[in-house]
Amino acid sequence: MVTIRLTRRGAKKLPFYHIVVTDSRKRQGGSILEQIGFFDPVAKGKSVKLNLDLARVDYWQQNGAKLSDRVQALVADYRKQAVAA
(Lines give C-alpha, C1' and ligand atoms only; values in the text may rest on other atoms or scores of the structure.)
Protein backbone atom coordinates (compact mmCIF):
# COMPACT_ATOMS: atom_id res chain seq x y z
CA MET A 1 0.00 0.00 0.00
CA VAL A 2 1.22 3.47 -0.82
CA THR A 3 1.12 6.07 1.96
CA ILE A 4 1.79 9.78 2.22
CA ARG A 5 3.62 10.45 5.46
CA LEU A 6 6.22 12.59 7.20
CA THR A 7 9.88 11.67 7.33
CA ARG A 8 12.06 13.51 9.81
CA ARG A 9 15.13 15.46 8.82
CA GLY A 10 16.96 18.25 10.59
CA ALA A 11 19.11 18.43 13.68
CA LYS A 12 18.60 17.55 17.31
CA LYS A 13 15.83 19.76 18.76
CA LEU A 14 15.32 21.37 15.32
CA PRO A 15 12.85 19.10 13.57
CA PHE A 16 12.16 19.43 9.86
CA TYR A 17 9.90 17.03 7.99
CA HIS A 18 9.62 16.08 4.34
CA ILE A 19 6.18 15.00 3.17
CA VAL A 20 6.80 11.94 1.03
CA VAL A 21 4.98 9.27 -0.91
CA THR A 22 6.30 5.83 -0.04
CA ASP A 23 5.45 2.18 0.22
CA SER A 24 4.03 1.54 3.68
CA ARG A 25 6.21 -1.57 4.06
CA LYS A 26 9.42 0.49 3.82
CA ARG A 27 11.07 1.86 6.94
CA GLN A 28 10.63 5.49 7.96
CA GLY A 29 13.82 6.90 6.45
CA GLY A 30 13.95 4.47 3.53
CA SER A 31 13.39 4.88 -0.17
CA ILE A 32 10.61 7.15 -1.36
CA LEU A 33 8.55 7.40 -4.53
CA GLU A 34 8.20 11.18 -4.50
CA GLN A 35 8.69 14.16 -2.21
CA ILE A 36 5.63 16.41 -2.37
CA GLY A 37 6.32 19.03 0.29
CA PHE A 38 7.81 19.94 3.63
CA PHE A 39 6.73 20.93 7.14
CA ASP A 40 8.83 23.08 9.48
CA PRO A 41 7.16 23.14 12.93
CA VAL A 42 9.69 25.61 14.38
CA ALA A 43 9.56 28.17 11.54
CA LYS A 44 9.92 31.73 12.75
CA GLY A 45 9.46 35.09 11.13
CA LYS A 46 8.85 35.05 7.40
CA SER A 47 10.10 31.52 6.81
CA VAL A 48 7.60 29.10 5.31
CA LYS A 49 6.08 26.64 7.77
CA LEU A 50 4.27 24.36 5.33
CA ASN A 51 4.59 23.83 1.60
CA LEU A 52 2.64 21.21 -0.35
CA ASP A 53 2.00 20.34 -3.97
CA LEU A 54 -1.77 19.79 -3.72
CA ALA A 55 -2.01 18.58 -7.32
CA ARG A 56 0.36 15.72 -6.52
CA VAL A 57 -1.45 14.94 -3.26
CA ASP A 58 -4.72 14.65 -5.21
CA TYR A 59 -3.04 12.53 -7.89
CA TRP A 60 -1.67 10.05 -5.37
CA GLN A 61 -4.97 9.89 -3.48
CA GLN A 62 -6.84 9.12 -6.71
CA ASN A 63 -4.38 6.29 -7.29
CA GLY A 64 -5.04 4.73 -3.88
CA ALA A 65 -2.52 6.37 -1.54
CA LYS A 66 -3.57 6.77 2.09
CA LEU A 67 -2.65 9.80 4.18
CA SER A 68 -1.20 9.46 7.66
CA ASP A 69 -3.20 11.18 10.41
CA ARG A 70 -0.78 14.09 10.75
CA VAL A 71 -0.46 14.61 7.00
CA GLN A 72 -4.24 14.58 6.66
CA ALA A 73 -4.47 17.43 9.20
CA LEU A 74 -1.68 19.36 7.45
CA VAL A 75 -3.37 19.01 4.05
CA ALA A 76 -6.67 20.25 5.48
CA ASP A 77 -4.94 23.30 7.00
CA TYR A 78 -3.07 24.01 3.78
CA ARG A 79 -6.29 23.85 1.75
CA LYS A 80 -7.94 26.34 4.13
CA GLN A 81 -4.99 28.71 3.70
CA ALA A 82 -5.15 28.36 -0.08
CA VAL A 83 -8.85 29.22 -0.15
CA ALA A 84 -8.38 32.20 2.19
CA ALA A 85 -5.55 33.64 0.09
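Structural data are supplied above this passage.
Below or above, wherever it landed, is the structure these notes cover.

What counts as what
- Residues numbered from 1 in each chain as written.
- Predicted model: local features only at pLDDT ≥ 70, side-chain atom pairs only at ≥ 80, totals over all residues.
- Heavy atoms only, no water.
- Buried < 20%, exposed > 50% of the residue type's maximum accessible area, 1.4 Å probe, protein only.
- Helix = DSSP H or I, 4+ residues; strand = E, 2+ residues; numbered from the N terminus.
- Arc of directions from axis to C-beta.
- Contact = heavy atoms within 4.5 Å.
- Core = buried A, V, L, I, M, F, W, Y, C linked by side-chain atoms within 4.5 Å.

### Brief notes about helix H1 (residues 54–62)
Right, on to step 1. The set of residues buried in H1 consists of Leu54, Val57 and Trp60. Viewed end-on, H1 has its buried residues packed into an arc of 125°, placing them on one side of the element. Facing away from the buried side of H1 by more than 90 degrees, the exposed set consists of Ala55 and Gln62.
Right, on to step 2. Check the buried side of H1 and you find it contacts strand E1 (2–11), strand E2 (14–23), strand E3 (34–39), strand E4 (50–52) and helix H2 (69–84).

### Examining the nonpolar core
Right, on to step 1. With 17 residues, the main nonpolar core has Ile4, Ile19, Ile36, Leu50, Leu52, Val71 and Val75 as its most contacted residues.
Right, on to step 2. At the level of elements, E1, E2, E3, E4, H1 and H2 are the ones that each hand at least two residues to this core.
Right, on to step 3. Counting residues per element, this core draws most heavily on H2, which supplies 4 residues.
Right, on to step 4. Those residues in contact with Val75 that sit more than four places away from it in its chain are Leu52, Leu54 and Val57.

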